[in-house]
Amino acid sequence: LWRIARTYGVSLDVIIKANNIPNAAIIEQDQLIFIPGAKEVLAVVVEKRNGKPDEFMWPVKGRVVSYFKDAKGLSFNKGIDIAAAQGEVVAASRDGKVIFADYLSGYGYSVIVDHRDGFYTVYGHQSVLMVKPGQEIAKGAPIGQVAKSGRLSFVHFEIRKNEESNNPLYFLP
């Protein structure tokens, strides 16, 4: 709860009173918290997930429904598409700096993260973006939510090294 208060610049007591929280030490994952005065959703970094900082992690739990270089109309998939529940939180695959967070033609609402070692990750097909360009993010930090298209909800995920698309499955645990 302290990290939420710090992220939004609101005192801990204001959040506790606004939400009638009897014990501020016990906050459950996915618990809805009202933040007085908040105008947008911000990413609150709780902790880094297991693994080394330079290792990639899956941005969302789900099954791969389209693989690297699968045909997509007249072009080929430059990453993988991971099916997940609509609204599921998409997490940063590694520490880095957000260099793009907006609508991208062919990708929908997307986030691109620079990992400062020649690697970039692209997270496409999101319904909500939780980060802004220039923002530093930690591995595992929430960056958006999975969007639904027709009957399928999924996130598109790419790993690029020096601007060249690579098969993400070569890098993911």
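In short, a report on the structure. (Residues numbered from 1 in each chain as written. Predicted model: local features only at pLDDT ≥ 70, side-chain atom pairs only at ≥ 80, totals over all residues. Heavy atoms only, no water.)

1. Description of the overall build of the protein chain
Along the backbone of the protein chain there are two helices and twelve strands. Helices and strands appear in the protein chain in the N-to-C order α-α-β-β-β-β-β-β-β-β-β-β-β-β. Taking 173 residues into account, the globule formula puts the C-alpha radius of gyration at 16 Å, and the protein chain, at 17 Å, falls close to it. Dimensions of the protein chain along its principal axes, counting C-alpha atoms only, are 55 × 35 × 25 Å. Buried residues in the protein chain amount to 41% of all 173 residues. For the protein chain, the share of sequence-separated contacts (at least 6 apart) that also reach a separation of at least 24 residues comes to 58%. Carbon and sulfur atoms make up 51% of the accessible area of the protein chain, which amounts to about 10300 Å² in all. (Helix = DSSP H or I, 4+ residues; strand = E, 2+ residues; numbered from the N terminus. Rg over C-alpha atoms; globule rule 2.2 N^0.38 Å. Buried < 20%, exposed > 50% of the residue type's maximum accessible area, 1.4 Å probe, protein only. Contact = heavy atoms within 4.5 Å. Areas by Shrake-Rupley, 256 points an atom, 1.4 Å probe, with all protein chains shown as cover.)

2. What about the pairing of strand β7 (residues 108-114)?
Of all the seven residues making up β7, six are buried; the element is thus mostly covered by neighbouring parts of the structure. Direction of pairing for strand β6 (residues 96-104) relative to β7: antiparallel, over a ladder of seven bridges. Within β7, the position partnered with Y103 by the bridge is Y109. Connecting β6 to the next strand, β7, in antiparallel fashion are three residues, including G106 with a positive phi near 85 degrees. Of the strand pairs in this sheet, β7 and strand β8 (residues 119-129) are connected by five bridges, and their pairing is antiparallel. Bridge assignment links D114 to a residue of β8, and that residue is Y120. (Pairing = 2+ DSSP bridges.)

3. What about the side chain of T121?
Inspection of the secondary structure assignment puts T121 in strand β8. Residue T121 is classed as buried on the basis of its relative accessible area, which comes to 0%. Within the structure, T121 has its side chain in polar contact with the side chain of H115 (distance 2.8 Å). When near neighbours in sequence (up to four residues on either side) are disregarded, T121 contacts F56, S93, V111, I112, V113, H115, F157, E158 and I159. (Polar contact = N/O pair within 3.5 Å; in protein donor to acceptor, adjacent residues only side chain to side chain.)

4. Digging into the packing of aromatic side chains
By the definition in use, this model includes five aromatic pairs. Between F56 and F119, the aromatic rings sit 5.4 Å apart at their centres with planes inclined by 70 degrees, giving edge-to-face as the arrangement. Placement of the pair is F56 in the loop between α2 (12-19) and β1 (63-66) and F119 in strand β8, with a sequence separation of 63 residues. Judged by its relative accessible area of 13%, F119 falls in the buried class. A ring pair is formed by F119 and F171, whose centres lie 5.4 Å apart and whose planes are at 75 degrees; its orientation type is edge-to-face. (Phe/Tyr/Trp six-rings, centres within 6.5 Å; stacked < 30°, edge-to-face > 60°.)

5. Notes on unusual backbone geometry
Of note in this structure, N20 is not a glycine but carries a positive phi near 50 degrees. With respect to the helices and strands, N20 occurs in the loop between α2 and β1. For N162, which is not a glycine, the phi torsion comes out positive at approximately 50 degrees. For N162, the position within the fold is in the loop between β11 (152-161) and β12 (164-166).

6. Focus: the side chain of E158
Of note, E158 is situated in strand β11. Under the relative-accessibility criterion, E158 is labelled buried at 0%. The residues contacting E158, other than those within four sequence positions of it, are K78, G79, Y107, Y120, T121, V122, S165 and P168.

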